Amino acid sequence: LMGGTTSGRASIERASRSVKTSKSRRAFLWLWPGLPQLWHGGNWSGLALALGFAVVLDGVIMASLVWSELLSPGLLRISQIAVFCGWIAGMVTNRHWLARRDEVDLAGDLFPAAFAEYLQGNWFVAEQKCRDLIRLRRNDVEARLLLATLLRHVDRKDEARAELDALAK
């Protein structure tokens, strides 16, 4: 009984160590809007955001330093403030995106731990891990199937049927 809990904790500790390691590798990616989505997610929207911000920032710098007669001082100040606010909003969005990604990465190690608990007969722990995984990834087919199997095994057939219905939807 204790072996399953210990192996589950060990897998969670390994996952948290890998998350900390990946955090140190990308320590400054969140500073540029769109860069984490592009670097880690390969999202086209991240590329568009990073390039768009670069173009706008370059335009404001050029209008400030090179073509100073292009914009009036008031309009130049407003555009500088807008770029600064956009940069802050981009950094906040990046931090939230990275935190959510870390949760999903940690959830990737929950399924093997839940399956190990299930095989060892630790029904309650396995159910909790499956529910945690489903909370993090609502469309996780394997976690829902394991939870439905577990619920059927402990004679909670109505709940198992509800999980299968949720999976079918």
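Here, the structure is the one placed above.
None of the values given here were measured: they were computed from a predicted structure. (Residues numbered from 1 in each chain as written. Predicted model: local features only at pLDDT ≥ 70, side-chain atom pairs only at ≥ 80, totals over all residues. Heavy atoms only, no water.)

Novice: Explain the overall build of the protein chain to me, using residue names and the numbers behind them.
Specialist: Secondary structure summary: the protein chain contains 8 helices and 0 strands in total. Per element, the accessible surface of the protein chain, about 10,900 Å² overall, is 64% carbon and sulfur. (Helix = DSSP H or I, 4+ residues; strand = E, 2+ residues; numbered from the N terminus. Areas by Shrake-Rupley, 256 points an atom, 1.4 Å probe, with all protein chains shown as cover.)

Novice: I'd like a rundown of the packing of helix α5 (residues 110-119) against helix α7 (residues 141-153), residues and numbers included.
Specialist: Where α5 contacts α7, the axes come no closer than 11 Å and their chain directions differ by 15°. Taken together, α5 and α7 sit at an angle that is classed as roughly parallel. The element α5 and its partner α7 pack so that their crossing is left-handed. On α7, the residues that touch F111, A114, F115 and Y118 of α5 are E142, A143, L146, T149 and L150. Residue composition of the contact of α5 with α7, by class: 7 nonpolar, 1 polar and 1 charged. (Axes fitted to C-alpha atoms, helices over the stretch in contact; angles between N-to-C directions. Parallel < 35°, antiparallel > 145°, perpendicular 65-115°, else oblique. Left-handed = near helix turned anticlockwise from the far one by under 90°. Contact = heavy atoms within 4.5 Å. Nonpolar A, V, L, I, M, F, W, Y, C, P; charged D, E, K, R; others polar.)

Novice: Explain the pattern of salt bridges to me, using residue names and the numbers behind them.
Specialist: Side-chain pairing between opposite charges can occur once the charged atoms of the two side chains come close. Taken as a whole and judged by the stated rule, the model has 8 salt bridges. As a salt-bridge pair, D158 and R161 come within 3.4 Å of each other at their nearest N and O atoms. A residue pair is termed a helical-turn pair when its members lie 3 or 4 positions apart in one helix, as D158 and R161 do in helix α8 (residues 157-168) at 3 residues. Each of E127, R131, R144, R156, E159 and E163 takes part in one network of salt bridges that share partners. (Salt bridge = Lys/Arg side-chain N within 4 Å of Asp/Glu carboxyl O.)

Novice: Please set out the side chain of E163 residue by residue, giving values where relevant.
Specialist: Along the polypeptide, E163 turns up in helix α8. Residue E163 is classed as buried on the basis of its relative accessible area, which comes to 12%. With residues up to four places along the chain from it excluded, the contact list for E163 reads R131, I134, R144, L147, A148 and L151. (Buried < 20%, exposed > 50% of the residue type's maximum accessible area, 1.4 Å probe, protein only.)

Novice: Could you give an account of the packing of aromatic side chains, naming the residues involved and the relevant values?
Specialist: This model, assessed by the stated rule, comprises 2 aromatic pairs. Centroid distance F115 to Y118: 6.4 Å. Interplanar angle 25°. Geometry classified as stacked. Taken together, the residues span about one helical turn, with F115 and Y118 both in helix α5 at a distance of 3 residues. The structure contains a cluster of three or more aromatic residues connected by ring pairs, namely F115, Y118 and W123. (Phe/Tyr/Trp six-rings, centres within 6.5 Å; stacked < 30°, edge-to-face > 60°.)

Novice: Mind laying out a nonpolar patch on the surface, listing which residues take part and the relevant values?
Specialist: A cluster of nonpolar side chains, namely I61, M62, L65, V66, W67 and L70, defines an oily patch on the protein surface of about 610 Å² accessible area. As for its position among the elements, L70 is in the loop between α3 (44-65) and α4 (73-108). Judged by relative accessible area, which is 56%, L70 ranks as exposed. (Patch = residues over 30% accessible without salt bridge, like charges linked within 9 Å, V, L, I, M, F, W, Y side chains within 5 Å.)

Novice: So what about the nonpolar core? Which residues, and what values?
Specialist: Within the largest apolar cluster, 14 residues are counted, with the highest numbers of intra-cluster contacts made by Y118, C130, L146, L147 and L150. Secondary-structure elements contributing two or more residues to this core are α5, α6 (123-136) and α7. Not counting chain neighbours up to four residues away, the residues in contact with L146 comprise F111, A114, F115, Y118 and C130. (Core = buried A, V, L, I, M, F, W, Y, C linked by side-chain atoms within 4.5 Å.)

Novice: Kindly report on the packing of α7 against α8, identifying the contributing residues and their values.
Specialist: Interaxial distance between α7 and α8 falls to 7 Å at its minimum, and their mutual angle equals 160°. The angle between the axes of α7 and α8 places the two elements in the roughly antiparallel class. Along this stretch, α7 crosses α8, giving a crossing that reads as left-handed. On α8, the residues touching V141, R144, L145, L147, A148, L151 and R152 of α7 are K157, E159, A160, E163, L164, A166 and L167.

Novice: So what's going on with α7? Residues and values would help.
Specialist: Three- or four-residue spacings in an α-helix give side chains the same orientation, since the helix completes a turn every 3.6 residues. Look at α7: 18 Å from first C-alpha to last across 13 residues, which is about the 18 Å you get at 1.5 Å a residue. Tucked into the core, α7 has its buried residues touching α5, α6 and α8. Positive phi appears at D155, one or two residues downstream of α7, with a value of about 65°. (Expected span 1.5 Å × (residues − 1).)

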